[in-house]
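# Structural overview for review
So you can see what is in the structure, the chains are spelled out below.
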Number of protein chains: 2
Amino acid sequence: MRPWNQTVGPRLRVVIAPNVAVGPGKADLLQGVVETGSIAAAGRRLGMSYKRAWGLVEAMKDDFGAPLVTTSRGGSARGGAELTELGRTVLGLYRRMEDQAAAATEAELAELQRLLDRTLPDRDQGGPGATKPG
Amino acid sequence: MRPWNQTVGPRLRVVIAPNVAVGPGKADLLQGVVETGSIAAAGRRLGMSYKRAWGLVEAMKDDFGAPLVTTSRGGSARGGAELTELGRTVLGLYRRMEDQAAAATEAELAELQRLLDRTLPDRDQGGPGATKPG
């Protein structure tokens, strides 16, 4: 499940340097670590395997050249996990960008929604169906 | 090749309704149709197979309940293609959202770049390496 395909609004993927990007998946994983204190639990909430969650944490460390998440029990990622200062800063900046992008694009989003209502007045807003790639 | 992983800046994926989204792939495909007059050529510029490009055009028609692209030669998608009024409107709104989101998040992007420079001063900005998911 990718919850960010369901909630109406803009999703931001920030390319900070070529091949270094932060998007909803990494941001939600970082936020999950804050809220659950565990990489595994944070991943589970997003429907990610433990392997994938851990892989994203490692990828962020490689990308930024320093860890965004630390684990307290001698490196075992199943132990308690929390964000480093770098992790908190990156998450905070990303969330601020999300908020500001949403505010800056509100009028156009409303127009796109009106277009959809006009072409598909009977649209089942809660319907299933896979999201096609962006 | 997904060129939007290389260029620094925010990428926008706009979820207009649950499971209806427009992102860089669809927008660049629509723009390619404007510039090349052909779905196949537009797809090629993005490294998409013809099948995939056509699939995205069909998906957008399903999503919006009306075509965003028309083909002039009796439905053959390899013939001349152009955007419908709906297609032009959707592309225009998406591009405006992109511009406005970029302007609204400039300061935070610069901060993220400074963080990267600090942790990875010798970073090879042009290096290869696959982008990890968002």
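Residues numbered from 1 in each chain as written. Chains lettered and ligands numbered in written order. Predicted model: local features only at pLDDT ≥ 70, side-chain atom pairs only at ≥ 80, totals over all residues.

## Quick notes on the confidence of the model for chain A
All names here are of chain A. Per-residue confidence for chain A gives a mean pLDDT of 86, with 81% of residues at or over 70. Within chain A, no element has a lower average pLDDT than helix H5 (residues 106-119), which sits at 92, and none a higher one than helix H4 (residues 85-104), at 98. For residues 125-134, every residue scores under 50 in pLDDT, and the model assigns this stretch 17 contacts once sequence neighbours within four places are set aside. Both scores are available for the predicted complex, with the pTM at 0.83 and the ipTM at 0.82. (pLDDT = per-residue confidence, 0-100. Helix = DSSP H or I, 4+ residues; strand = E, 2+ residues; numbered from the N terminus. Contact = placed C-beta atoms within 7 Å.)

## Focus: the environment of A:Val69
Residue and element names in this part refer to chain A. The residue Val69 is located in strand E3 (residues 69-71) in this model. Residue classification places Val69 among the buried positions, given that 24 C-beta atoms sit within 10 Å. For Val69 and Val33, which are 36 residues apart along the polypeptide, the C-alpha to C-alpha distance reads 8.0 Å. Sequence-distant contacts of Val69, that is, excluding residues within four places in its chain, are made with Val33, Ile39, Val57, Ala81, Leu83, Thr84 and Gly87. (Buried ≥ 20, exposed ≤ 12 C-beta atoms within 10 Å, placed from the backbone.)

## Some details on the pairing of strand E1 (residues 9-17) of chain B
A large share of E1(B) lies buried, amounting to 7 of its 9 residues. Bridge analysis of strand E1 (residues 9-17) of chain A against E1(B) gives 7 bridges, and the strand direction is antiparallel. Residue pairing across strands places A:Arg11 opposite B:Arg13, the latter belonging to E1(B). (Pairing = 2+ DSSP bridges.)

## A word on the relation of the copies chain A and chain B
With an RMSD of 0.0 Å, the fit of chain A onto chain B corresponds to turning through 180° and sliding 0.0 Å along the axis. Seen this way, the second copy is the image of the first under a two-fold rotation axis. Relative to the rotation axis, the C-alpha of A:Ala101 is the closest in chain A, positioned 2.2 Å from it. In this assembly, 100% of the residues forming the interface of chain A have copies in chain B that are likewise at the interface, indicating an isologous arrangement. (Least-squares fit on C-alpha atoms with pLDDT ≥ 70 in both.)

## Examining the interface of chain A and chain B
Listed per partner, the contact involves 55 residues of chain A and 55 residues of chain B. For the side of chain A that touches chain B, the secondary structure elements donating two or more residues are E1, strand E2 (20-22), helix H1 (24-36), helix H3 (50-64), H4 and H5 of chain A. No other element matches the 10 residues that H4(A) contributes to the side of chain A that touches chain B. Here the side of chain A that touches chain B is composed, by residue class, of 29 nonpolar, 18 polar and 8 charged. (Nonpolar A, V, L, I, M, F, W, Y, C, P; charged D, E, K, R; others polar.)

## Observations concerning the packing of helix H1 (residues 24-36) of chain B against helix H4 (residues 85-104) of chain B
All names here are of chain B. At a minimum axis separation of 10 Å, H1 and H4 run at an interaxial angle of 125°. Judged on the interaxial angle alone, H4 and H1 are oblique. When the axes of H1 and H4 are compared, the crossing they make is left-handed. In contact with Ala27, Leu30 and Gln31 of H1, H4 contributes Gly87, Leu91, Tyr94 and Arg95. Considered class by class, the residues forming the contact of H1 with H4 number 4 nonpolar, 2 polar and 1 charged. (Axes fitted to C-alpha atoms, helices over the stretch in contact; angles between N-to-C directions. Parallel < 35°, antiparallel > 145°, perpendicular 65-115°, else oblique. Left-handed = near helix turned anticlockwise from the far one by under 90°.)

## Focus on the packing of H1(A) against H3(A)
All names here are of chain A. Running from N to C, H1 and H3 point in directions that differ by 100°, and their axes come no closer than 11 Å. Considering the angle they form, H1 stands roughly perpendicular to H3. The segment H1 lies against H3, with Gly25, Lys26 and Leu29 engaging Ala53, Leu56 and Met60. Counted by class, the contact of H1 with H3 contains 4 nonpolar, 1 polar and 1 charged residues.

## Here's the deal with the sheet that holds strand E2 (residues 20-22) of chain B
Pairing is antiparallel in the open sheet, where 4 strands are placed in the order E2(A)-E1(A)-E1(B)-E2(B). Taken across any chain shown, the strands that pair with only one partner, and hence form the sheet edges, are E2 of chain A together with E2 of chain B. For this sheet, the mean inter-axis angle between neighbouring strands, taken without regard to orientation, is 25°. Here E1(A) pairs with E2(A) via 3 bridges, running antiparallel. The partner of A:Val15 across the bridge, within E2(A), is A:Ala21. Sitting on the sheet, H5(A) is in contact with E1 of chain A together with E1 and E2 of chain B, with an inclination near 35° to E1(B).

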